[in-house]
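In case you want the letters, here they are:
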Amino acid sequence: MTATLEQRLDAFRRLDDAKLTFARRDWFPGTSGNLSIKIQSDPLQFAVTASGKDKTKLSPEDYLVVDQDSHPVDDTALKPSAETLIHAVVYKTFPKAGACFHVHTVWNNLISELYFGQRAFSIQGQELIKGLGIWEENARITVPIVENFADIPTLAAAIEKVMTPEVPGVLIRNHGIYTWGGNDFEAKRHLEAFEFLFEYHARWLQLRQAVVSTTTTN
Ligand SMILES: CSC[C@@H](O)[C@@H](O)C(=O)COP(=O)(O)O
Ligand SMILES: [Zn+2]
């Protein structure tokens, strides 16, 4: 069974919303980033951004629907995102996932670089951890970091290996983050929470360094 026109248009409208919101925050520099929303689980079909588009703009050629093998379900000249396979891995690994968002930001890149040589970034006791759906007091989260393999099947396999149901995101070193949620509302909340935590932590390290330098020079 193929997604109906109504289902596609609903997914495309939601992708427009998410895309414009993230674009306003400069989360798609240089055409980077890709977004998807699941339309149906069995067989898997999802709407995904077309490759190489300027994601700060809306056009009638922004999205297409792909199947479980990341192939377009329609006859179209549009190319799905080069990283569609990663979205497919998310939907196959977590059947409850309904949306998957990927952005490149300065903060998520900095965090992945700061923890160079390590396979994860960890943070504890921040209120925004609740934005990830983790309500335990003083919770600690660990966000896996994978290397930025140029070969997408290798990158997708690396992500698949480290992703967990507890923490809905994986960092790619010096590249960006993939996050997901039950629907687009939840995936957006997760992405915003991650980005807050990355920026907070990077700024905190910077301030702490400044304070240490001041106290040692005085
Ligand atoms: C132009 S840099 C970004 C790309 O290499 C890629 O990582 C990316 O996020 C966007 O690729 P796309 O094929 O447009 O979905
Ligand atoms: Zn990317």
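Conventions we followed
Residues numbered from 1 in each chain as written. Chains lettered and ligands numbered in written order. Predicted model: local features only at pLDDT ≥ 70, side-chain atom pairs only at ≥ 80, totals over all residues. Heavy atoms only, no water. UniProt positions renumbered as here; feature names shortened; annotations may be inferred. Helix = DSSP H or I, 4+ residues; strand = E, 2+ residues; numbered from the N terminus. Contact = heavy atoms within 4.5 Å. Polar contact = N/O pair within 3.5 Å; in protein donor to acceptor, adjacent residues only side chain to side chain. Donors = N, O, S within 2.8 Å, 3.2 Å for Na, K, Ca; no water. Buried < 20%, exposed > 50% of the residue type's maximum accessible area, 1.4 Å probe, protein only. Pairing = 2+ DSSP bridges. Axes fitted to C-alpha atoms, helices over the stretch in contact; angles between N-to-C directions. pLDDT = per-residue confidence, 0-100.

## Let's talk about the UniProt feature "binding site: Zn(2+)" (unreviewed entry) in the protein
Phase 1 of the analysis: If you check UniProt for "binding site: Zn(2+)" (unreviewed entry), the listed places come out as His102 and His104 in our numbering.
Phase 2 of the analysis: Looking at where His102 falls in the secondary structure, it is placed in strand β4 (residues 99–103).
Phase 3 of the analysis: When sequence neighbours within four positions are dropped, the list of residues in contact with His102 reads Phe28, Gly33, Asn34, Leu35, Glu83, His175, Gly176, Ile177 and Tyr178.
Phase 4 of the analysis: Among the polar contacts listed, one links the side chain of His102 to the side chain of Glu83, at a separation of 3.2 Å.
Phase 5 of the analysis: Mapped onto the elements of the fold, His104 is located in the loop between β4 and α3 (106–114).
Phase 6 of the analysis: Aside from chain neighbours lying at most four places away, what touches His104 is Trp27, Pro29, Ser32, Gly33, Asn109, His175 and Gly176.
Phase 7 of the analysis: Here His102 takes part through its side chain, which lies 3.1 Å from a polar atom of the side chain of His104.

## As for the coordination of the zinc ion (ligand 2)
Phase 1 of the analysis: For the zinc ion (ligand 2), the full set of protein donor atoms is His102 (NE2), His104 (NE2) and His175 (NE2), and the range of their distances to it is 2.1 to 2.2 Å.
Phase 2 of the analysis: Positions of the donor residues of the zinc ion (ligand 2), expressed as sequence spacing, correspond to H-x1-H-x70-H. With His104 in the loop between β4 and α3 and His175 in the loop between β7 (169–172) and β8 (176–181), the pair connects residues that are 71 residues apart, well separated along the chain.

## Overview of unusual backbone geometry
Phase 1 of the analysis: A cis geometry characterises the amide bond from Asp42 onward to Pro43, with omega recorded as 0°.
Phase 2 of the analysis: Relative to the assigned elements, Pro43 resides in the loop between β1 (34–41) and β2 (44–49).
Phase 3 of the analysis: Phi is positive for Asn138, which is not a glycine, with a value near 55°.
Phase 4 of the analysis: Tracing the backbone through its elements, the reader meets Asn138 in the loop between β5 (120–124) and β6 (140–146).
Phase 5 of the analysis: In this structure Asn138 comes out as partly exposed when scored by relative accessible area, which is 49%.
Phase 6 of the analysis: Of note, the phi angle at Asn174 is positive, near 55°, even though the residue is not glycine.
Phase 7 of the analysis: By secondary structure assignment, the location of Asn174 is in the loop between β7 and β8.

## Considerations on the side chain of Thr179
Phase 1 of the analysis: Structurally, the position occupied by Thr179 is in strand β8.
Phase 2 of the analysis: Discounting chain neighbours no more than four positions away, the residues touching Thr179 are Ala99, Cys100, Phe101, Pro168, Gly169, Ala187, His190, Leu191 and Phe194.

## Examining the environment of Trp135
Phase 1 of the analysis: One can find Trp135 in the loop between β5 and β6.
Phase 2 of the analysis: In the structure, Trp135 is positioned 17 residues away from Ile152 in sequence and 34 Å away in space, judged by C-alpha atoms.

## Observations regarding the sheet that holds β2
Phase 1 of the analysis: With mixed pairing, the eight strands of this open sheet are ordered in space as β3-β2-β1-β4-β8-β7-β6-β5. The sheet is open, and its two borders are formed by β3 (63–67) and β5, each paired with just one other strand. Strand-to-strand twist of the sheet, defined as the mean angle between neighbouring strand axes without regard to direction, takes the value 20°.
Phase 2 of the analysis: As paired elements, β5 and β6 share five bridges and run antiparallel to each other. Residue pairing in the sheet places Ile123 in a bridge with Ile141 of β6.

## Points about the confidence of the model for the protein
Phase 1 of the analysis: Residues at a pLDDT of 70 or more form 100% of the protein, whose mean pLDDT is 96.
Phase 2 of the analysis: Per-element confidence in the protein is highest for β4, whose mean pLDDT is 99, and lowest for helix α5 (residues 184–217), whose mean pLDDT is 93.
Phase 3 of the analysis: Two numbers describe this predicted complex: its pTM, 0.96, and its ipTM, 0.97.

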